[in-house]
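An overview of the molecular structure
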Amino acid sequence: TIVDQLKRFVYSKSALSRLLQINIAVFILTGIINVFFFLYKIPGEITIGKYVQSRIAMWLAVPADTHILLQKPWTLVTYMFLHFNFMHIFFNMLMLYFGGTLFMQFLGGRKLVNTYIAGGIAGALLFIFAFNIFPAFNEITPYAVAMGASASVLSILIAIAVYVPDYIVNL
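Summarised in this report is the structure supplied together with it. (Residues numbered from 1 in each chain as written. Predicted model: local features only at pLDDT ≥ 70, side-chain atom pairs only at ≥ 80, totals over all residues. Heavy atoms only, no water.)

1. Quick word on the overall build of the chain
Scanning the chain from terminus to terminus reveals eight helices and four strands. When the helices and strands of the chain are read in sequence order from the N terminus, they spell out α-α-β-β-α-β-α-α-α-α-β-α. Expressed along its principal axes, the backbone C-alpha trace of the chain runs to roughly 50 × 40 × 25 Å. A total of 171 residues make up the chain; the buried ones form 32% of that total. Restricting the contact set of the chain to residue pairs at least 6 apart, pairs at least 24 apart contribute 70%. (Helix = DSSP H or I, 4+ residues; strand = E, 2+ residues; numbered from the N terminus. Buried < 20%, exposed > 50% of the residue type's maximum accessible area, 1.4 Å probe, protein only. Contact = heavy atoms within 4.5 Å.)

Pasting the structure below:
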């Protein structure tokens, strides 16, 4: 059954299973923290200028402003495990599962993790570069943050598409 397959996948301890579990665990943990913020009447969001920022995003999402990034360098990695809402994590994890399954068939778990991390860092650097090079973003650069596994997931999809360009995927 599907439940048995899911159990087998979760307990397989594969790199793909671990990446999915980490993303889901961070999502659940941030949700629990937000519940505690609510219960103890701690504002979960902070207003900075005219922009509203999540407290958790302020610590874990990668900032576009390089001065803020220098104060929080860990965000280059933590942002790729942080998701905004259920639909955000659902579609990222769905694509990670499908792309990661193909990736694991051809390239293995170690390369999957390396590609996930390297793609995420490359995505963060591209985000930071774009916000600091284009004048259209000058006003919002001090407040802009990126979060989610999209860059990491896309790097896995692109890597497997380049490695096996003629592979046929049946939907």
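Alright, that's what it looks like, and here's the rest.
2. Remarks on a nonpolar patch on the surface
Together, Ile24, Ile28, Ile32, Val35, Phe36, Phe38, Leu39, Tyr40 and Ile42 make up a nonpolar patch on the protein surface, roughly 930 Å² of accessible area in all. Along the chain, Leu39 turns up in helix H2 (residues 15-39). (Patch = residues over 30% accessible without salt bridge, like charges linked within 9 Å, V, L, I, M, F, W, Y side chains within 5 Å. Areas by Shrake-Rupley, 256 points an atom, 1.4 Å probe, with all protein chains shown as cover. Salt bridge = Lys/Arg side-chain N within 4 Å of Asp/Glu carboxyl O.)

3. Side note on the layout of surface pockets
In this structure, the largest pocket encloses a volume near 470 Å³. Surrounding the largest pocket, 16 residues form its lining, Leu6, Leu20, Ile24, Met93 and Tyr97 being those nearest its centre. At the level of elements, helix H1 (2-11), H2 and helix H6 (86-106) are the ones that each hand at least two residues to the lining of the largest pocket. By residue number, the principal contributor to the lining of the largest pocket is H6, which donates six residues. (1 Å grid on protein atoms, 1.4 Å probe; cavity = no way out; pocket = protein on both sides within 12 Å on 5 of 7 lines; lining within 4 Å. Points joined across faces, edges and corners; volume = space filled by probe spheres on them.)

4. Observations regarding the side chain of Thr75
Position of Thr75 relative to the elements: it lies in helix H5 (residues 75-78). Ignoring anything within four residues of it in the chain, the contact list for Thr75 reads Trp59, Leu60, Ala61, Val62, Pro63 and Leu69.

5. Observations concerning unusual backbone geometry
In this structure, Lys13 takes a positive phi of about 60° despite not being glycine. By the secondary structure assignment, Lys13 is in the loop between H1 and H2. Phi is positive for Lys41, close to 55°, though the residue is something other than glycine. Judged by its relative accessible area of 75%, Lys41 falls in the exposed class.

6. Structural notes on the packing of aromatic side chains
What the rule picks out here adds up to 11 aromatic pairs. Between Phe36 and Tyr40 the ring centres are 6.2 Å apart and the planes differ by 15°, which places this aromatic pair in the stacked class. On the accessibility criterion, Tyr40 (60% relative accessible area) is exposed. With 6.1 Å between their ring centres and 10° between their planes, Trp59 and Trp74 make a pair best called stacked. Note that Trp59 is positioned in helix H3 (residues 55-60) and Trp74 in the loop between helix H4 (66-71) and H5, a separation of 15 residues in sequence. A connected cluster of aromatic rings, assembled from ring pairs, spans Phe9, Tyr97 and Phe98. A cation sits over an aromatic face here: Lys72 above Trp59, 5.7 Å from the ring centre. (Phe/Tyr/Trp six-rings, centres within 6.5 Å; stacked < 30°, edge-to-face > 60°. Lys NZ or Arg CZ within 6 Å of the ring centre and 35° of its normal.)

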